[in-house]
Structures are given as C-alpha cells and as structure tokens.
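Structural features, examined
Given next are the chains, with one letter for each unit.
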Amino acid sequence: MGYHDISLPLRDGLAGWPGDPPVIIAREASVESGDPFAVSRLVMGSHTGTHVDAPAHALADGRTVDGLPLEALCGPALLREVPERPLVTAADLEALGLPPDCRRLLLKTRNSAEGLLHAPAFRRDYTALDAGAARWIAERGLALVGIDALSIEPYAEEMGPVHRALLAADVVVLEGLDLAGVAPGAYELLCLPLRIAGGDGAPARAVLREA
C-alpha cells in the first residue's frame, strides 16, 4: 500500500501569501557547535505552506482549528483533475461526476503542472474556485475541499465569497497541496493540522494512502 506526502516541506524563506509573516527557521543550538542537542526557532504564520483554514479564519464566531472534527480531516477522499483555466466553476465540478458519498474532494489544477507552489516567489495567477463552485461544494455537504494553491479563492477576492461560502457551511479548507506527482483517484486522506488553541488555521501534514 503506497503513501503520498502531499504537504510542502517547511523551509527558511518559503514563498508565502503577501503580507503574511515570512518563514524563518533558525538554528539556536547545534551539536556541531558543541551543544548537547540541536534546537531550532520557528517563525511563521498560521497559514504557511500546506495548511488548514478553520471557519474562524473568516467568521467572527466560527469554529477554531483545535475544534475541527478529525472525521472531516481523515477518511476516504477523491483526487480529481480539473480543466486548465484560471477559475474552477460549478459546471467543472458537476462534470467530475462525484459519487453521492464523496465527503472529501481534492482538486488538482494547472497549479501543479506549472509548479506554482515551488516558485521562488508568490504568483498571483494561480487557479482557484469561483463563488459558484464554492456554493456547489457547500450545498453538496462536503466535509473538506483541498486545492494545490495557497488560497482556494482568487487573489483579487481573498477572504471574499469563496471562503465565506465554504467556511460558513463548516467545510474544512485545505490549501497548499503538493499534488504534482499524484495521479487522480480514490485515496485515504490523513490530514493533521497543528492543534493551536483558538487558532484560525494551522500548518498541516497531509498524506494520501492508496486505496
């Protein structure tokens, strides 16, 4: 049974969302310098790399990341590839022919083919969902949706209708997925964000296990 790690490695200087805290991984103690242990200092935002958005990210009274149900974060998931275009629409999602019992949907877009998440600097021209696609997901009752971009919403509309539609419906949003080497199909998703008390989101280790 194969595993696919679909989370981005956290590294010093990793490109992030404009205005978010930069990633700093600094060695505070090292065995090479004579210290008994190696210890590093980590500085980053709560939406760094592969990360989960909790409803509190966009809603004042939304559920925080430490309260997200594990049942939403872990379980059967479908990885589907969508057409190469700037926005994924409700029609694109309808065309995927998802089975009625689909609860977790991961979207592989042109972002993966173009290596956007591995670019040295943030790119604003990533593929994201439009508001109609977000409503489609919310109305279908999915527990989680993931995408291979730092945001599921277009850059010009960050924290706009897409986030609000999904998070108000308690859909967990998983962003920053490294899907370049993973084929579409059925998997088991194992996604565990850091358990930050009262957090609006958190970096996560996300893994797909072949069904």
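Values in this document were obtained by computation on a predicted structure and should not be read as measured data. (Residues numbered from 1 in each chain as written. Predicted model: local features only at pLDDT ≥ 70, side-chain atom pairs only at ≥ 80, totals over all residues. Heavy atoms only, no water.)

All right, on to empty space enclosed by the protein then. For the coordinates displayed, the defined rule picks out one cavity of 30 Å³ or more. By volume, the largest cavity is sized at about 130 Å³. Leu116, Leu117, Phe122, Arg123 and Leu150 are, among the 14 residues lining the largest cavity, the residues nearest its centre. Considered class by class, the residues forming the lining of the largest cavity number 11 nonpolar, one polar and two charged. (1 Å grid on protein atoms, 1.4 Å probe; cavity = no way out; pocket = protein on both sides within 12 Å on 5 of 7 lines; lining within 4 Å. Points joined across faces, edges and corners; volume = space filled by probe spheres on them. Nonpolar A, V, L, I, M, F, W, Y, C, P; charged D, E, K, R; others polar.)

Next up on the list: the packing of aromatic side chains. By the definition in use, this model includes five aromatic pairs. Residues Trp17 and Phe122 carry aromatic rings whose centres are separated by 4.9 Å and whose planes lie at 65° to one another, so their mutual orientation is edge-to-face. Separated by 105 residues along the polypeptide, Trp17 in the loop between strand E1 (3-5) and strand E2 (24-29) and Phe122 in the loop between helix H3 (110-113) and strand E8 (128-129) bring together distant segments of the chain. Seen in terms of ring centroids, Trp17 and Tyr155 are 5.3 Å apart; in terms of plane orientation they differ by 40°. Their pairing is tilted. Here Tyr155 lies in the loop between strand E9 (144-147) and helix H5 (161-168) and Trp17 lies in the loop between E1 and E2, a separation of 138 residues in the sequence. The exposure class assigned to Tyr155 is partly exposed, which follows from its relative accessible area of 24%. Each residue in the set Trp17, Phe122, Tyr126 and Tyr155 is aromatic and connected to the rest through ring pairs, giving one cluster. (Phe/Tyr/Trp six-rings, centres within 6.5 Å; stacked < 30°, edge-to-face > 60°. Helix = DSSP H or I, 4+ residues; strand = E, 2+ residues; numbered from the N terminus. Buried < 20%, exposed > 50% of the residue type's maximum accessible area, 1.4 Å probe, protein only.)

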